[in-house]
Amino acid sequence: NLFWIITITHWRVLHFYLIHRMMHPWKSDYFPDVGRFLYKWVHSLHHKSYNPTAFSGTNMHPVESTLYYTAALICIPFGCHPTIFVGCIIDCAVGAWLGHDGFQWPGSGDFFHQLHHQHFDCNYGAMHVPLDQWFGTYIGSKDDLKKIWGKKAKTAGRKFNETQCKVHPQ
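Residues numbered from 1 in each chain as written. Predicted model: local features only at pLDDT ≥ 70, side-chain atom pairs only at ≥ 80, totals over all residues. Heavy atoms only, no water.

Draft legend 1. Summary view of unusual backbone geometry. A positive phi angle is found at Asn123, which is not glycine, with a value near 45°. Tracing the chain through its elements places Asn123 in the loop between helix H7 (111-119) and helix H8 (131-135). (Helix = DSSP H or I, 4+ residues; strand = E, 2+ residues; numbered from the N terminus.)

Below you can see the structure in the form of C-alpha cells.
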C-alpha cells in the first residue's frame, strides 16, 4: 500500500493522458474519429477556458468527470486499502486545480497545460510524467504543432478546431 500512496500521482497521470487524448480529435486516416465526437459533445465544455483558472480544472461535462475520476478504480484489482481510492480522487481534484491555475509562477508552474488550452492538439498529460514526449504530442510553443502533425499541421490548433471542425459549439 505504501507503493501505491507514494506513486499515486504518477500512475494516475497515465490514465489521465489516455482519457484526455481519447477526447480530442484523432486526425487518423485509419480509424473513425471518435475523439472528434467526444470533443464536440463532451470535452469542449472544459475547453471553453482558453486562459484557464483553477476553477476550470474541474469544470467538466458529467461524462468527462466520470471518466476522469475512474482513475481511482485502477488500484481496486490490486486489493489496495480504500484510503488509496479516496486519495486518488483527491489527487485528481487537486491535480486539476493546480494544472489549470493559469500561472507559471507563482503557482504550479504548469505552462505546459496552458499551451494545451491555447492550441488544443498537444500536451495532453502532465509535465512530471513525460508521456507527451514519449508519444510525440509535446510542444513548447505554437510552432511545434508542425513537428507533431506534419502535413496535418493545418488541421491542428484552436482556430481550426473552432472553425473548420466545428467541434467547439458556441
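Draft legend 2. Quick peek at the layout of surface pockets. Its boundaries defined by the atoms lining it, the largest pocket holds a volume of some 390 Å³. Considering the residues around the largest pocket, the lining is formed by 26 residues, among which Arg12, Phe16, Gly95, Ala96 and Gly99 are closest to the centre. Of all elements in the fold, only helix H2 (8-22), helix H5 (62-69) and helix H6 (82-99) reach the threshold of two or more residues within the lining of the largest pocket. When residues of the lining of the largest pocket are assigned to their parent elements, the largest contribution, six residues, is made by H2. Tallied by class, residues from the lining of the largest pocket come to 10 nonpolar, 12 polar and four charged. (1 Å grid on protein atoms, 1.4 Å probe; cavity = no way out; pocket = protein on both sides within 12 Å on 5 of 7 lines; lining within 4 Å. Points joined across faces, edges and corners; volume = space filled by probe spheres on them. Nonpolar A, V, L, I, M, F, W, Y, C, P; charged D, E, K, R; others polar.)

Draft legend 3. Helix H3 (residues 34-41), seen in detail. Looking only at H3, the buried set comprises Gly35, Leu38 and Tyr39. Seen along its axis, H3 keeps its buried residues to an arc of 100°; they face one direction. Turned more than 90 degrees away from the buried face of H3 sit Phe37 and Trp41, all of them exposed. Considering only its buried residues, H3 is in contact with H2. (Buried < 20%, exposed > 50% of the residue type's maximum accessible area, 1.4 Å probe, protein only. Arc of directions from axis to C-beta. Contact = heavy atoms within 4.5 Å.)

Draft legend 4. Molecular detail of the nonpolar core. With 14 residues, the main nonpolar core has Trp4, Trp11, Tyr68, Cys75, Ile84 and Cys88 as its most contacted residues. Breaking this core down by element, the ones donating at least two residues are H2 and H6. Looking at this core, the element that brings in the most residues is H6, giving four residues. Formed by 11 residues, the second largest nonpolar core is a distinct cluster that contains Val13, Cys122, Val129 and Ile139. (Core = buried A, V, L, I, M, F, W, Y, C linked by side-chain atoms within 4.5 Å.)

Draft legend 5. Region of the structure containing the packing of aromatic side chains. Applying the stated criterion across every chain, the model contains eight aromatic pairs. Judged by centre distance (6.1 Å) and plane angle (80°), the rings of Phe3 and Trp4 are edge-to-face. When its relative accessible area of 57% is taken as the criterion, Phe3 is described as exposed. Relative to Phe78, the ring of Trp4 has its centre 5.0 Å away and its plane inclined at 40°; by these criteria the two rings are tilted. One end of the pair, Trp4, is in helix H1 (residues 2-6); the other, Phe78, is in the loop between H5 and H6, with 74 residues separating them in the sequence. Feature note: the residues Phe3, Trp4, Trp11 and Phe78 constitute an aromatic cluster, connected by ring pairs. (Phe/Tyr/Trp six-rings, centres within 6.5 Å; stacked < 30°, edge-to-face > 60°.)

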